[in-house]
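Here are the chains, one letter per residue:
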Amino acid sequence: MDVKKYLSRIGFSGPAEPTLDVLRSLHLHHQLSVPFENLTIHSGGKIQLDLPLLYDKIVNQRRGGFCCELNGLFSWLLCQLGFQVTLLSGQVKGIKTGFYGPPFDHMIIMVSLEGKRWLCDVGFGPGFSSPLSLETSDPHEQGHREFRIRQAEDMHFLEVQRDENREPHGDWSEVYKFTLEPRHMEDYAEMCQYHQTSPCSLFFCKSLCMILRQGGRVTYIGRRLISTTFPTEENGSVKTTRELKDEEIPDVLAKEFGVVLNAPLIPKDEDITPPAAMY
């Protein structure tokens, strides 16, 4: 890995030492620079969890990826910078089904730093922008939303305030659950294949790309471009949707996300099939 080139890819400059401030800055810069996307699946390619291949895709080709790609490569960068890193297995809760995905459904990162543990995740689309402390269940306010990590025996639950308008008593909603058992890249190979081929997976059913902006988010799904402005103290959130023609999509991907594909994209936005086995 060329660490300097990776840091340049995410727009990070300055000393890259294993400190909490640096970790927070790297986490945010990554999300502002590298899109969460699954476009390889919908342009005739195959995702492989080989770190040199992921580095070439995300850094050299300036692409994005989904959780195993983004968090897998980010964990490698953190290790190169001297951070103590542990991969964890998460199970995402389906918004529509209310059920959790299978084990190894989602890859997340735990960083141990000066005797404290931090949850990092640059591969979850609309996730948290700064590492969350695993030492407390207190809410972490991040801009327009609050997150917390609730523990029940050996299981941890990432939860977010549902209320997008800064109301004081919004409901807490479970996002995903995980344990602190250490995992390895090869442990995710079967689920990586599942997400590329199963009609039960969001990534197989929908071509998507999203990136965090200062004060908002831009999302491409199928034949739609959705721009979201986060709420502030003065104004509520604003969401606009633009319908796209197939011939417009390559230019939109290049302009909004910096993504240029090597093969034609087949736009897709199908309903997800509920899995036979629920978790």
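Residues numbered from 1 in each chain as written. Predicted model: local features only at pLDDT ≥ 70, side-chain atom pairs only at ≥ 80, totals over all residues. Heavy atoms only, no water.

Draft legend 1. Just helix 3 (residues 51-60), in detail. L54, Y55, K57, I58 and V59 are the residues of helix 3 that are buried. With its phi angle positive at about 55 degrees, R62 sits one or two positions after the end of helix 3. (Buried < 20%, exposed > 50% of the residue type's maximum accessible area, 1.4 Å probe, protein only. Helix = DSSP H or I, 4+ residues; strand = E, 2+ residues; numbered from the N terminus.)

Draft legend 2. Structural view of the pairing of strand 9 (residues 172-178). Burial analysis of strand 9 places five of its seven residues in the buried class, which makes it a mostly covered element. Bridge analysis of strand 2 (residues 84-92) against strand 9 gives three bridges, and the strand direction is antiparallel. Looking at strand 9, one finds that Q91 is bridged to K177. (Pairing = 2+ DSSP bridges.)

Draft legend 3. Expanded view of the layout of surface pockets. Taken as a whole, the second largest pocket encloses approximately 420 Å³ of empty space. S129, H144, L212, R213 and F230 are the residues nearest the centre of the second largest pocket, which is lined by 29 residues in total. Going through the elements one at a time, helix 2 (20-33), strand 7 (145-152) and strand 10 (208-213) are the ones with two or more residues in the lining of the second largest pocket. The biggest single contributor to the lining of the second largest pocket is strand 10, with four residues. A class-by-class count of the residues in the lining of the second largest pocket yields 15 nonpolar, eleven polar and three charged. (1 Å grid on protein atoms, 1.4 Å probe; cavity = no way out; pocket = protein on both sides within 12 Å on 5 of 7 lines; lining within 4 Å. Points joined across faces, edges and corners; volume = space filled by probe spheres on them. Nonpolar A, V, L, I, M, F, W, Y, C, P; charged D, E, K, R; others polar.)

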